[in-house]
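Below are the chains, spelled out letter by letter.
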Amino acid sequence: MRSGPGGRALAVAAVLALSLGLAGCAGGIGGEPGGPTPEQLAGGSIGREHNLKGARFIVGSKEFTENVILGKIIIYALRAAGAEVVDQTKLSGSATVRVALETKAIDMYWDYAGTGWTQYLKHTDLLGEAQQQFQATAGEDMAANQVRWVGPAAFGDAYAVARRGDVQGALAAVHSMSDMAGFVRENPDEGSFCGASEFMNREFETMQRIYDVRFPPERTHENALALNYVNVAKGSPCNFAEVTTTDSRLESLNLTVLRDDRTFTATQLAALTMREETYRQHPELGQLGIALGSKLTAPTMIELNGQVDLEGRSPDQVAVQFLRANGFIA
């Protein structure tokens, strides 16, 4: 199992300890007030077809909306199968949640094949095709780290770059990332970019290298992912921003996603990840994860994200609705 350099491992461990403490206080194990009763959870297909009575799991997630929703879905699904589940969702960042899995602070969480390939397996370039990327990530992560990827789900996510849709002049002619590079070279004063910390640390330099573009440091802004959408929609402080392809705010804020004409990113299929020892102790998890993932299509994920980000519903409510709508619970 890879732990990385000592200093990095200690730093991540410190963040992990803080994140787990905060998540434990905020999330608890009871879910939303007025949530489904044990009888309701047991009343659908999961209760009939899956038996995890006597098992106990700790479920984590990253902090962004989509991953929290996925975490809540597996939490309620496991409870429907009779397991006891501790909610440790909303951990801060990929490195933190992965260390939590490796150190047994959590037992499972949903991740994305491209993240596994570049961040945990340390490859520099993504593969071009989504299924190929998933199989390569899953196979190598099992061999190197004994981490199993259950899936993939029927949807994938990807980084993208967007601009606001209601523009005129030279910016309105930017439809691809190559167009963006040319625009920045010709209009350096308008070459501004917003990105969240993971993207800026992991992908920003690669993007600039592939597209032969350089955003001035004084016009490069690191902020929370949610602010990317708002900031680029109003064109301040940035004309371009990192977004993700399953985010419902792309449509609601009238953002134009730029065509990735040099294949900077690829679709990263999602999957439930867990230690192999956990899977071997409870092979039922494989069937359950595949059943859930088969219903998690891209349109479904966009709708679920929108219910949280646009309508103000909680991830717990949205997860329960998803399970009910698909007959997983009563």
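Structure shown above.
Residues numbered from 1 in each chain as written. Predicted model: local features only at pLDDT ≥ 70, side-chain atom pairs only at ≥ 80, totals over all residues. Heavy atoms only, no water.

Concerning the environment of Leu310
Part 1: Relative to the helices and strands, Leu310 resides in the loop between helix 15 (298-309) and helix 16 (315-325).
Part 2: Through-space distance from the C-alpha of Leu310 to that of Ser248 is 7.8 Å; in sequence the pair is 62 residues apart.
Part 3: Residues in contact with Leu310, not counting those within four places in the same chain, are Ser248, Arg249, Ser252 and Asn305. (Helix = DSSP H or I, 4+ residues; strand = E, 2+ residues; numbered from the N terminus. Contact = heavy atoms within 4.5 Å.)

Here we look at the packing of helix 4 (residues 65-80) against helix 14 (residues 284-295)
Part 1: As a packed pair, helix 4 and helix 14 sit with axes 11 Å apart at the nearest point and diverge in direction by 130°. Considered as vectors, helix 4 and helix 14 are oriented oblique to each other. Helix 14 is crossed by helix 4, and the crossing has right-handed handedness. Contact with helix 4, carried on its side by Ile73, Ile74, Ala77 and Leu78, involves Leu285, Leu288 and Leu292 of helix 14 and no other residues of that element.
Part 2: Classifying every residue of the contact of helix 4 with helix 14 by side-chain character gives seven nonpolar, no polar and no charged. (Axes fitted to C-alpha atoms, helices over the stretch in contact; angles between N-to-C directions. Parallel < 35°, antiparallel > 145°, perpendicular 65-115°, else oblique. Left-handed = near helix turned anticlockwise from the far one by under 90°. Nonpolar A, V, L, I, M, F, W, Y, C, P; charged D, E, K, R; others polar.)

Section: the pattern of salt bridges
Once the charged atoms of two side chains with opposite charge are near each other, the side chains can pair.
Part 1: Scanning the model with the defined rule gives 18 salt bridges in all.
Part 2: The partner of Asp141 in a salt bridge is Arg98, with the nearest N and O atoms 2.8 Å apart. Of this pair, Asp141 sits in helix 7 (residues 130-145) while Arg98 is found in helix 5 (residues 94-102), placing the two residues 43 residues apart along the sequence.
Part 3: Here the salt bridges do not stand alone but share partners, grouping Lys104, Asp107, Arg275 and Glu277 into one network. (Salt bridge = Lys/Arg side-chain N within 4 Å of Asp/Glu carboxyl O.)

Overview of the packing of aromatic side chains
Part 1: A complete count under the given rule lists 11 aromatic pairs for this structure.
Part 2: With 6.0 Å between their ring centres and 35° between their planes, Phe204 and Phe215 make a pair best called tilted. Of this pair, Phe204 sits in helix 10 (residues 204-210) while Phe215 sits in the loop between helix 10 and strand 8 (220-222), placing them 11 residues apart in sequence. Comparing Phe204 with Phe215, the two get one shared label, buried.
Part 3: By way of ring pairs, the aromatic residues Tyr159, Phe183, Phe193, Phe199, Phe204, Phe215, Phe240 and Phe264 are connected into one cluster.
Part 4: Over the aromatic face of Tyr76 sits the side chain of Arg79, whose NZ or CZ is 5.6 Å from the ring centroid.
Part 5: The ring of Tyr229 has Arg249 lying over it, and the distance from NZ or CZ to the ring centre is 4.4 Å. (Phe/Tyr/Trp six-rings, centres within 6.5 Å; stacked < 30°, edge-to-face > 60°. Buried < 20%, exposed > 50% of the residue type's maximum accessible area, 1.4 Å probe, protein only. Lys NZ or Arg CZ within 6 Å of the ring centre and 35° of its normal.)

Quick word on the pairing of strand 11 (residues 268-275)
Part 1: The element strand 11 is largely enclosed, with a buried count of eight among its eight residues.
Part 2: Alternating residues of strand 11 divide into Gln268, Ala270, Leu272 and Met274 and Leu269, Ala271, Thr273 and Arg275, and every residue in both groups is buried.
Part 3: The pairing of strand 3 (residues 108-112) with strand 11 spans five bridges and is antiparallel. Bridge assignment links Tyr109 to a residue of strand 11, and that residue is Thr273.
Part 4: Relative to strand 11, strand 4 (residues 147-150) runs antiparallel, the two sharing four bridges. Each residue of the ladder has a partner; that of Trp149, found in strand 11, is Thr273.
Part 5: Bridge analysis of strand 5 (residues 156-157) against strand 11 gives two bridges, and the strand direction is antiparallel. Counted as the bridge partner of Asp157 is Gln268 from strand 11. (Pairing = 2+ DSSP bridges.)

Overview of the sheet that holds strand 10 (residues 255-257)
Part 1: If you walk across this open sheet you meet the five strands as 8-7-9-6-10, and the pairing is mixed. The open sheet has two free edges, formed respectively by strand 8 and strand 10, since each of these has just one partner strand. Going from strand to strand, the sheet's axes swing by 35° on average, the running direction of each strand aside.
Part 2: Relative to strand 9 (residues 240-244), strand 6 (residues 159-164) is paired through four bridges, and the arrangement is antiparallel. For Ala160, the partnering residue across the bridge sits in strand 9 and is Val243.
Part 3: Contacts between helix 11 (residues 225-234) and the sheet are confined to strand 6, strand 7 (193-195), strand 9 and strand 10, with strand 9 contributing the most and set at about 135° to the helix.

Keep in mind these numbers describe shape, not what the thing actually does.
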